[in-house]
Amino acid sequence: MRFKRDIFYWRNFRMNDLPPEIITHIFRIAAWSTSTPAEGTHVRLLLTSVCAKWRRLMIEDCTLWSAIWFRDPPPYERSLEWFKRAGGAPLDIRINEHDADWRSKDDDWRYKEDDHRFTTEQMEELMDKLFVKVSQIRMLVLVVDNWPPALVVLDKLQEAAYAGKVINMERLEIHRMGQPFVWLGPGRTPAVLFGGQTRALKYLCLAGVHIDWNATPLNNLSTIDLRKIAMNVAPTLNRFREVLLACPRLQKLSLDGAGPQPSARKSDHIPIDLPHLKVLVIGGFSMLYSCYILSQFKAPNVRDLTLMNLTGEDYTTMIAAITARYKELRLLTLYAVNISPTEGGTKAMVKFLYAMPYLSYLRIASMKWHVIEAFNEDPREFGLGRDTVTQLFPQNRLVLCPKLQTIEFQQLSGTKIAEWAARRRELGAPLRRAYVNSPYVSKVTAEEAEMIQQVVGLFIAPLGSTTPEERALATCDRYGETI
């Protein structure tokens, strides 16, 4: 009977007898506990379809409609209805030019920029409707393909500020996903972001677009994310350093094919101290420019480091340059990083990993296997840790990254992953979980999956969401205590 009660009790529970305030609170928990924006949209649609009472309570609560993702086709009747229901609540708006299945039906979208949805006139019409509540917009995320719609948004934000409207936006992301590194030439005057009203801004992401860097105040940001910006229109080195100095509590710095214009290094060069930086992303640069960028700041407390798209030359020198800089690192992402398959390259990787004693999570993709094998090298053979006690390990030898427990991989041999994990177990540093990203599940054969399962649990990591281990690392110190 107890078993039946546990199974059926929730179906018989008289939820509609609860006070409206409690029901509304339950709705909020359901709507905001989802892992993706698409799932949140689906949940809200479901809750309004259960009964008349639920629909009324849902519509009356403006906060449930304040997160709006413009994915429906023009003229955006559903999204604009939600915009109306949000009333005076702070607004989080996402505008994505692509349909849900755009990857499959338009794989060559990078070279068809003018075939997509938004024209200048369409974006102007949409912004005019949304900017009636511009002072309520807390977050705006825009993903488009070509220049005109992106420029419309920047210009409209500037015009609104110059017209006397208050800009309270805390997060802005503008992604131009078309041809990277293209700029419009000297005839175009870049916009001053928010007309200079950036006092509330904490999170700035610009991908493929630029602003007037010198006229835009950028202070006290928590996140700076710059991607694929042509060097001609990138900030100068002096301006870049000014921004870093003006953001002493910066928590995330991501530079993917976008960085300051290089200039001669001054004799009195002093790296900027970023003690609160937790997440660092470096990608899409030459080896020399990577070293140049990394020399501009010190970030001893980085916990999440990503190195990606560093190919075409040997980046061993860069690895050696940043060795021992990130001793608090917990999560390392290596995506297409070229390290020489020589003794010198292996030695540099071993020293790099030896200086990361708390590394717990490894994310790898499109890597040469000799780089991954470096994790199982004996550091004493490279002159490291010879005086360290090794009784804790079954083979009486040191293990690099002994706290490593989780690996997330894609575009790599499942067989080699299984063999690599088995070797870690033999060394006394076994993994607990292995994740494969959902788009690459089909690349792992049944035989490979079985091999991995015999060594470590194999799970699917949904694209665009974090794993439980990744979330835990973001909130715990080296001793596992919540911070």
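Residues numbered from 1 in each chain as written. Predicted model: local features only at pLDDT ≥ 70, side-chain atom pairs only at ≥ 80, totals over all residues. Heavy atoms only, no water.

## Points about the nonpolar core
Membership of the largest hydrophobic core comes to 133 residues, with the highest contact counts inside it found for Phe-297 and Leu-332. Looking at this core, the element that brings in the most residues is helix H8 (residues 147-162), giving nine residues. Contacts of Phe-297, omitting those with residues within four sequence positions, involve Leu-244, Leu-253, Pro-271, Ile-272, Leu-274, Leu-277, Leu-280 and Arg-325. With five residues, the next largest nonpolar core counts Tyr-361, Tyr-435, Ala-461 and Leu-473 among its residues. (Core = buried A, V, L, I, M, F, W, Y, C linked by side-chain atoms within 4.5 Å. Buried < 20%, exposed > 50% of the residue type's maximum accessible area, 1.4 Å probe, protein only. Helix = DSSP H or I, 4+ residues; strand = E, 2+ residues; numbered from the N terminus. Contact = heavy atoms within 4.5 Å.)

## Section: helix H2 (residues 20-32)
For H2, with 13 residues, the first-to-last C-alpha span of 18 Å sits near the 18 Å given by 1.5 Å per residue. For H2, every residue scored as buried is listed here: Ile-23, Thr-24, Phe-27 and Ala-31. For H2, the angular spread of buried residues about the axis comes to 100°, placing them on one side. Buried residues along H2 sit in contact with helix H3 (37-47) and helix H4 (52-60). (Expected span 1.5 Å × (residues − 1). Arc of directions from axis to C-beta.)

## Digging into unusual backbone geometry
The residue Asn-220 is not glycine, and still its phi comes out positive at about 55°. Looking at the element boundaries, Asn-220 is found in the loop between strand E5 (203-207) and strand E6 (223-227). A positive phi angle, near 50°, is found at Asn-309, a position not held by glycine. Of note, Asn-309 is situated in strand E11 (residues 304-310).

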